[in-house]
Amino acid sequence: MEGRDGMRAADADREAAAERLRVALNEGRLDLHEYDERLQRAYAARTYAELDALLTDLPSVTPMQRSALDPAAAAGVPAGLPGDQPVAAARGVTARWLTEVWLPYLRVIAIVVTIWAVTSLLSGELLYFWPVWVAGPWGAVLVVRTFTGLTGGEPRRQAIERERRRQRKRAKRERRRELRAAESDEPNNPTATD
């Protein structure tokens, strides 16, 4: 063992390798199973050569401000789209996530405010605004969830998971079609039976 490859790796080196693997997982370069395998091997690695072997087929990490793939990677959109489409796709992913988070809240608040307004009208006086007890705590929780979700990349993760589910459904439908086609071909195939 010569040079750097034979040298023992430190905990910081293993952590750096684990971070590169996490980035590769988030970019879709590794599936969850392969990430888990490599992560276990990274924490068990003793030398730089063992760590380097885990990362050789992955591109080096480019800082976000220099990355040409930044908008596309943030949106989970393939690179190479012309113009501002990746940025627009990233905005679309974020807008969809915000809608999924906030729309149930807005619907319920509209219902309870309507109930309050109708009861106030029917009673002939302005009643205590009790919808604040529904809107306030739930809204505070949603504000925190929105902040942590946006800073933690939740819209992108959710979009990636949604796309994985679509791919699994497509693959499942394709397998069903193939099975049906194979089953429909079977009666046409003559078989020798005695």
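Conventions adopted
Residues numbered from 1 in each chain as written. Predicted model: local features only at pLDDT ≥ 70, side-chain atom pairs only at ≥ 80, totals over all residues. Heavy atoms only, no water. Helix = DSSP H or I, 4+ residues; strand = E, 2+ residues; numbered from the N terminus. Buried < 20%, exposed > 50% of the residue type's maximum accessible area, 1.4 Å probe, protein only. Contact = heavy atoms within 4.5 Å. Arc of directions from axis to C-beta. Patch = residues over 30% accessible without salt bridge, like charges linked within 9 Å, V, L, I, M, F, W, Y side chains within 5 Å. Areas by Shrake-Rupley, 256 points an atom, 1.4 Å probe, with all protein chains shown as cover. Salt bridge = Lys/Arg side-chain N within 4 Å of Asp/Glu carboxyl O. Lys, Arg positive; Asp, Glu negative; His and termini not counted. Charge placed at Lys NZ, Arg CZ, Asp CG, Glu CD. Core = buried A, V, L, I, M, F, W, Y, C linked by side-chain atoms within 4.5 Å. Axes fitted to C-alpha atoms, helices over the stretch in contact; angles between N-to-C directions. Parallel < 35°, antiparallel > 145°, perpendicular 65-115°, else oblique. Left-handed = near helix turned anticlockwise from the far one by under 90°.

**Overview of the overall build of the protein chain**
Helix and strand content of the protein chain: seven helices and zero strands. Ordering the α and β elements of the protein chain from the N terminus gives α-α-α-α-α-α-α. Per-residue burial over the protein chain gives 22% buried out of 194 residues. Sequence-distant contacts, at least 24 apart, represent 62% of the contacts inside the protein chain between residues at least 6 apart.

**Side note on helix 3 (residues 48-55)**
What helix 3 keeps buried is the set Tyr48, Leu51, Leu54 and Leu55. The arc enclosing the buried residues of helix 3, seen along the axis, measures out at 120 degrees, which places them on a common side. Tucked into the core, helix 3 has its buried residues touching helix 1 (11-26) and helix 2 (32-44).

**Focus on a positive patch on the surface**
A surface patch of like charges, here positive, comprises Lys169, Lys172, Arg173, Arg175, Arg176 and Arg180. Take Arg175: it is sitting in helix 7 (residues 154-185).

**Points about the pattern of salt bridges**
All chains considered together, the criterion is met by 13 salt bridges. For the salt bridge of Glu100 with Arg162, the shortest nitrogen-to-oxygen distance reads 3.2 Å. On the criterion of sequence distance, the pair formed by Glu100 in helix 5 (residues 85-123) and Arg162 in helix 7 is long-range, its members being 62 residues apart. We classify Glu100 as partly exposed; its relative accessible area is 36%. By relative accessible area, which is 15% here, Arg162 ends up buried. Of the charged contacts in the structure, one is a salt bridge between Arg166 and Glu163, with a shortest N-O distance of 3.3 Å. Here Arg166 and its partner Glu163 are both found in helix 7, three residues apart, which amounts to about one turn of the helix. On the basis of relative accessible area, Arg166 is assigned to the partly exposed category, the value being 37%.

**Here's the deal with the nonpolar core**
The biggest cluster of nonpolar side chains holds 15 residues, and the ones touching the most others in it are Leu21, Leu30, Tyr35, Leu51, Leu55 and Leu58. Put simply, the parts of the chain that give this core at least two residues each are helix 1, helix 2 and helix 3. At five residues, the largest contribution of residues to this core is made by helix 1. In contact with Tyr35, not counting residues within four places along its chain, are Leu21, Arg22, Leu25 and Leu30. Counting seven residues, the second-largest nonpolar core is a separate cluster that includes Trp97, Val101, Tyr105 and Leu142.

**Looking at a nonpolar patch on the surface**
A contiguous nonpolar patch, built from Ile111, Ile115, Tyr128, Phe129, Trp130, Val132 and Trp133 and spanning about 750 Å² of accessible area, is present on the exposed surface. Relative to the elements of secondary structure, Phe129 occurs in the loop between helix 5 and helix 6 (132-152).

**A look at the packing of helix 6 against helix 7**
Two elements in contact, helix 6 and helix 7, have axes separated by 5 Å at closest approach and are oriented at 70 degrees. In terms of axis orientation, helix 6 runs roughly perpendicular to helix 7. Note on element contacts: helix 7 touches helix 6 through Glu154, Pro155 and Arg157, opposite Gly149, Leu150 and Gly152.

**Some thoughts on the environment of Leu39**
With respect to the secondary-structure elements, Leu39 resides in helix 2. Spatially, the C-alpha atom of Leu39 lies 8.6 Å from that of Arg22, the residues being 17 residues apart in sequence.

**Thoughts on the packing of helix 2 against helix 3**
For the pair helix 2 and helix 3, the least separation of the axes is 9 Å and the interaxial angle reads 165 degrees. It follows that helix 2 is roughly antiparallel to helix 3 by the angle criterion. Helix 3 is crossed by helix 2, and the crossing has left-handed handedness. Here helix 2 contributes Arg38, Arg41, Ala42 and Ala44 to the contact with helix 3, which in turn contributes Glu50, Leu51 and Leu54.

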